[in-house]
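Next come the chains, spelled out residue by residue.
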Amino acid sequence: MISCPSCNHKELAGALFCSNCGAQLVISEEQVATSSFNTDDIGRLSVLVPPPFVPPPLSAPDSRIAILILGSEKVIHISGNDEVTLGRFTKGQTIIPDIDLSPFQAYEAGVSRLHANIDIKGSEITIKDLGSANGTRLNGIRIQPHQEYQIKHGDILTFGRLKVQVLIKE
Amino acid sequence: MTTSADYYDRLGIKPDASDEDIRKAYREAARRLHPDINVEAGATELFIELKEAYDVLSDPEKRSVYDGDSPEIQPPPVQTSIHYSRKSVSWLAEEQLVYALINLDVLSDQLEVKDEATPPINIALVLDCSTSMQGARLDVVKASAIELIRELRPQDFFSIISFNDRADVVLPAAYYANDRKSESRIHRLQAKGGTEIFQGLNAGMTEVQRNLSPYYINHIILITDGHTYGDEANCQELAEKAGQREIGISCLGIGTDWNDIFLDNISTSTGGSCFYIHDPRDINNLLKEKFNGLGQVYVDGISLNLQTGSGVLLNYAYRLLPEANVIPISSSLKLGNISKGSHLSILLEFILSPISPSVLKALLAEGSFTFSVPKLGKSTYRIPVTLSPATSADTKAQPPPKKILEAMSRLTLYRMQEQARVELEFGDYENAANRLQNMATHLFSTGENELAKTVLIEAQNIQNQKVFSKEGRKRIKYGTQALSSPTDKKKVE
């Protein structure tokens, strides 16, 4: 990890710009060419050197993940550090999905009653298809049922034909 | 060969088709043409031709003999180049980011005379004629459509579809060069009803498919000013189908009431782009520019098919040239087309898991570019791409190549507004407003005062009213998107 010199935001090693404030985090070739100090000195600036072995950030607080129902622009927040099932609620159903997609034409789109679940384990968020009738796609690629796939911000999940976008807060 | 059409053409497939593709194409065509069900004159002959083609192509041995007889395929004059954000990737016990800038250029000086002429276009113009288009918007659209017809070349296919709750084919796909009669049909268009984009797109797709050919530039241009209702998923499905068939879709959104995320998705799934039109008077220029551009296309249907290395994640993909926009991440990145003298330039962001010193080269991804050259015919060309920078113990910051730094400095602004939008969705108003203020500072420092002011106004809106105005949101998104392209956008005319 490296920290931004102007706002202290943490970025992965190798980042060129701060995603928070937009500040440049590396020197450019031109700056190297025109300055007289040697580049070994630059290496000592803590900002520019990614220190090896930094512990990973602690697991994040509640509700940092949400899904955007594409087409309706409706956002559903998912809270807790837990497993959340998505599906479609119908009368007389014994197991009710945590997130009911039926307001979004889930039936027409071929969403199963228990279609998939999203599992939040610390920083890792995964999707698992629960053996649904019409399957789940991750960015257009069909995933195997009962197998976990890591998802990240901006990913598109398709349940049957219902598309949602994953939103994850940093 | 005894007949004119070659075996691949008869089955409607490409020379690199897999055995499975061949079988599928045959079954599909046989169902249509089988003499038992098709009594139309000539159908039997067609079926015999089909059978002949299938017999050869389905047998690997016969197929390779047949392929050997085909004229040799000359590699097209294109060249790729790759730059990385670091000369060497560090041995690091934590995750790191690596950027790759990939260019695909047409070497114009190597083009032969026969390549100079541009391929015919096959374009469907899909016009929203719902009530909201009434007045200046529809007037400008009509006038522009008529101008486009007047500029058509004799070899160009063109069609116009108007839609509201349903679609009407105003001009079916045909040649319209010097056809003044068609103009009156455009004059008669009237605005009424709602907006169902799928109706329009579907009819547009039908018209383009009538003359679908690898020798043409096949494209749909959608002009709309409103939200579509309930058919987004159908539209997306159609767009993906269009992408597979190398039919590009470009979208022009007028005013503030259309769904930019939706139209962006539709167009980028095909390698096309979406444009924001603030003032209806800009429609004419933009449409002409788009049309002329398509008429000049040399390389079409470009995809970059990449398989990432183990422990590597392709986190973000962005096209800088010829048109700037985010590329939806999939195993096959759809990149659209390039004209002679223009370039394709994309920036990829990879996240690498920790790298130990035993690794000499970091495999980010490998795969290939595939594309077609309509002027040279139906072949699909393939250029292998391997993204594999060296590794070293050097963990110091290395100055990245100027090109990457410049591209990233512009792209950072675009990504900041994306991030602000996400924060807003989560109700994180303070961070969203702060981020926009930071953006404005950068924009002022680079002389983009107009855009900077818009950003500041929105930052205030968010602080006071907790909303992003529809207009500001689009202006900022498409403003920073336009800035992210390396060449300054100087409008034609």
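Up top is the structure.
Residues numbered from 1 in each chain as written. Chains lettered and ligands numbered in written order. Predicted model: local features only at pLDDT ≥ 70, side-chain atom pairs only at ≥ 80, totals over all residues. Heavy atoms only, no water.

Novice: How should the overall build of chain B be read in this particular structure?
Specialist: Scanning chain B for helices and strands turns up 15 helices and 17 strands. A buried classification covers 54% of the 493 residues belonging to chain B. Residue pairs in contact within chain B that sit at least 24 positions apart in sequence constitute 75% of those at least 6 positions apart. As presented, chain B carries roughly 21,600 Å² of accessible surface, and 49% of it is formed by carbon and sulfur atoms. (Helix = DSSP H or I, 4+ residues; strand = E, 2+ residues; numbered from the N terminus. Buried < 20%, exposed > 50% of the residue type's maximum accessible area, 1.4 Å probe, protein only. Contact = heavy atoms within 4.5 Å. Areas by Shrake-Rupley, 256 points an atom, 1.4 Å probe, with all protein chains shown as cover.)

Novice: Explain the overall build of chain A here, please?
Specialist: Of regular secondary structure, chain A possesses two helices and 13 strands. Summarising the internal contacts of chain A: among those between residues at least 6 apart in sequence, 37% fall at separations of at least 24.

Novice: Please clarify how the interface of chain B and chain A should be interpreted in this entry.
Specialist: By a widely used convention, the size of an interface equals the accessible area lost when the partners come together. Taken together, the 46 residues of chain B in the interface contact 46 residues of chain A. Roughly 3,800 Å² of surface becomes buried between chain B and chain A when both sides are summed, with 61% attributable to carbon and sulfur atoms. The largest contributions to the chain B side of the interface with chain A come from Glu-94, Leu-405 and Phe-426 of chain B, which together make up 17% of the buried area. Linking chain B with chain A are one salt bridge. The closest approach of N and O atoms between Glu-240 of chain B and Lys-163 of chain A, which form a salt bridge, is 3.1 Å. Counting across the interface, chain B meets chain A through five residue pairs in polar contact (both at pLDDT 80 or more). Here the side of chain B that touches chain A takes 10 residues from helix H12 (residues 402–425) of chain B, the largest share from any one element. A class-by-class count of the residues in the side of chain B that touches chain A yields 20 nonpolar, 16 polar and 10 charged. (Buried area = accessible area lost by both parts, 1.4 Å probe. Salt bridge = Lys/Arg side-chain N within 4 Å of Asp/Glu carboxyl O. Polar contact = N/O pair within 3.5 Å; in protein donor to acceptor, adjacent residues only side chain to side chain. Nonpolar A, V, L, I, M, F, W, Y, C, P; charged D, E, K, R; others polar.)

Novice: Just to check I follow, could you spell out the sheet that holds strand S12 (residues 325–326) of chain B for this structure?
Specialist: Strand pairing within a sheet occurs via backbone hydrogen bonds; the two strands may be parallel or antiparallel. All names here are of chain B. Pairing is antiparallel in the open sheet, where five strands are placed in the order S1-S3-S14-S11-S12. Sheet topology places strand S1 (78–84) and S12 at the edges, where each strand pairs with a single neighbour. Across 10 bridges, the pairing between strand S3 (residues 96–106) and strand S14 (residues 343–352) is antiparallel. Bridged to Leu-101 within S14 is Leu-347. H12 rests against S1, S3, strand S11 (312–321), S12 and S14 of the sheet, and its axis sits at about 100° to S11. (Pairing = 2+ DSSP bridges. Axes fitted to C-alpha atoms, helices over the stretch in contact; angles between N-to-C directions.)

Novice: Sorry if this is basic, but what is going on with the pairing of strand S15 (residues 365–372) of chain B here?
Specialist: A regular strand places its side chains so that they alternate between the two faces of the sheet. Residue and element names in this part refer to chain B. The buried fraction of S15 is high, at six of eight residues. With seven bridges connecting them, strand S10 (residues 297–308) and S15 associate as antiparallel partners. Across the sheet, residue Gln-307 finds its bridge partner in S15, namely Glu-366. Bridge analysis of S15 against strand S16 (residues 380–387) gives eight bridges, and the strand direction is antiparallel. Within S16, the residue paired with Gly-367 across the bridge is Val-385.

Novice: Please clarify how the nonpolar core should be interpreted in this entry.
Specialist: For soluble globular proteins, the rule of thumb is that nonpolar side chains tend to be buried together. All names here are of chain B. In this structure, Leu-304, Leu-348, Phe-350, Phe-369 and Leu-387 are the most contacted members of the largest nonpolar core, which totals 36 residues. Breaking this core down by element, the ones donating at least two residues are S1, S3, S10, S11, strand S13 (332–339), S14, S15 and S16. Among the nonpolar cores identified, the runner-up in size contains 35 residues, and Ile-149, Phe-158, Leu-189 and Val-297 belong to it. (Core = buried A, V, L, I, M, F, W, Y, C linked by side-chain atoms within 4.5 Å.)

Novice: Mind showing me how you'd approach the pairing of strand S8 (residues 248–254) of chain B here?
Specialist: All names here are of chain B. Burial analysis of S8 places seven of its seven residues in the buried class, which makes it a mostly covered element. By the alternation rule, side chains of S8 split into Gly-248, Ser-250, Leu-252 and Ile-254 and Ile-249, Cys-251 and Gly-253, which are all buried. Pairing of strand S7 (residues 217–224) with S8 involves six bridges; the strand directions are parallel. Paired with Ile-221 across the strands is Ser-250, a residue of S8.

Novice: Explanation requested: the packing of H12 of chain B against helix H15 (residues 470–483) of chain B in the structure shown.
Specialist: Any two packed helices are characterised by the angle at which their axes cross and by the distance between the axes. All names here are of chain B. For the pair H12 and H15, the least separation of the axes is 8 Å and the interaxial angle reads 155°. By the angle between their directions, the pair H12 and H15 is classed as roughly antiparallel. The two elements H12 and H15 cross, and the hand of that crossing is left-handed. Of the residues in H15, those touching H12 at Arg-410, Leu-413, Tyr-414, Gln-417 and Arg-421 are Arg-473, Ile-476, Lys-477, Thr-480, Gln-481 and Leu-483. Broken down by class, the residue content of the contact of H12 with H15 amounts to four nonpolar, three polar and four charged. (Parallel < 35°, antiparallel > 145°, perpendicular 65-115°, else oblique. Left-handed = near helix turned anticlockwise from the far one by under 90°.)

Novice: How should I be thinking about the pattern of salt bridges in this particular structure?
Specialist: Two side chains with opposite charge may pair up if their charged atoms get near one another. Residue and element names in this part refer to chain B. Scanning all chains against the criterion turns up 26 salt bridges over all chains. In this structure, the salt-bridge partner of Arg-210 is Glu-207, at a minimum N-O distance of 3.0 Å. Separated by three residues within a single helix, Arg-210 and Glu-207 lie in helix H8 (residues 197–210), roughly one turn from each other. In this structure, Arg-421 and Asp-260 form a salt bridge, with 2.9 Å as the shortest nitrogen-oxygen distance. One end of the pair, Arg-421, is in helix H12; the other, Asp-260, is in helix H10 (residues 260–268), and 161 residues separate them in sequence. Both residues of the pair, Arg-421 and Asp-260, count as buried.

Novice: Can you help me understand the environment of Phe-158 of chain B in this one?
Specialist: Residue and element names in this part refer to chain B. Counting through the fold element by element, Phe-158 comes out in strand S5 (residues 157–163). Residues Phe-158 and Tyr-176 lie 18 residues apart in sequence; the distance between their C-alpha atoms is 6.8 Å. Residues within four places of Phe-158 in sequence aside, it is in contact with Ile-123, Leu-125, Ile-149, Leu-152, Pro-172, Ala-173, Ala-174, Tyr-176 and Phe-291.

Novice: What exactly am I supposed to notice about the environment of Gln-419 of chain B here?
Specialist: Mapped onto the fold, Gln-419 of chain B is located in helix H12. When the C-alpha atoms of Gln-419 of chain B and Arg-435 of chain B are compared, they prove to be 8.3 Å apart, with 16 residues separating the residues in sequence.

Novice: Help me understand helix H2 (residues 19–33) of chain B in this model?
Specialist: The α-helix advances 3.6 residues per turn, and as a result positions three or four apart in sequence lie on the same side. Residues and elements named next belong to chain B. Over its 15 residues, H2 runs 21 Å from end to end, which matches the ideal 21 Å to within 8%, given 1.5 Å per residue. Considered for burial, the residues of H2 that qualify are Ile-22, Ala-25, Tyr-26, Ala-29, Ala-30 and Leu-33. Buried residues along H2 cover an arc of 130° about the axis, so they all sit on one side. Relative to its buried face, H2 has exposed residues pointing more than 90 degrees away, namely Glu-28 and Arg-31. (Expected span 1.5 Å × (residues − 1). Arc of directions from axis to C-beta.)

Novice: I keep staring at the side chain of His-115 of chain A and nothing clicks. Help me out?
Specialist: Residues and elements named next belong to chain A. Here His-115 shows up in strand S7 (residues 114–121). There is a polar contact of 3.3 Å between the side chain of His-115 and the side chain of Thr-136. For His-115, the residues in contact, after removing those within four places along its chain, are Leu-86, Gly-87, Gly-110, Asp-129, Leu-130, Ser-132, Gly-135, Thr-136, Phe-159 and Gly-160.

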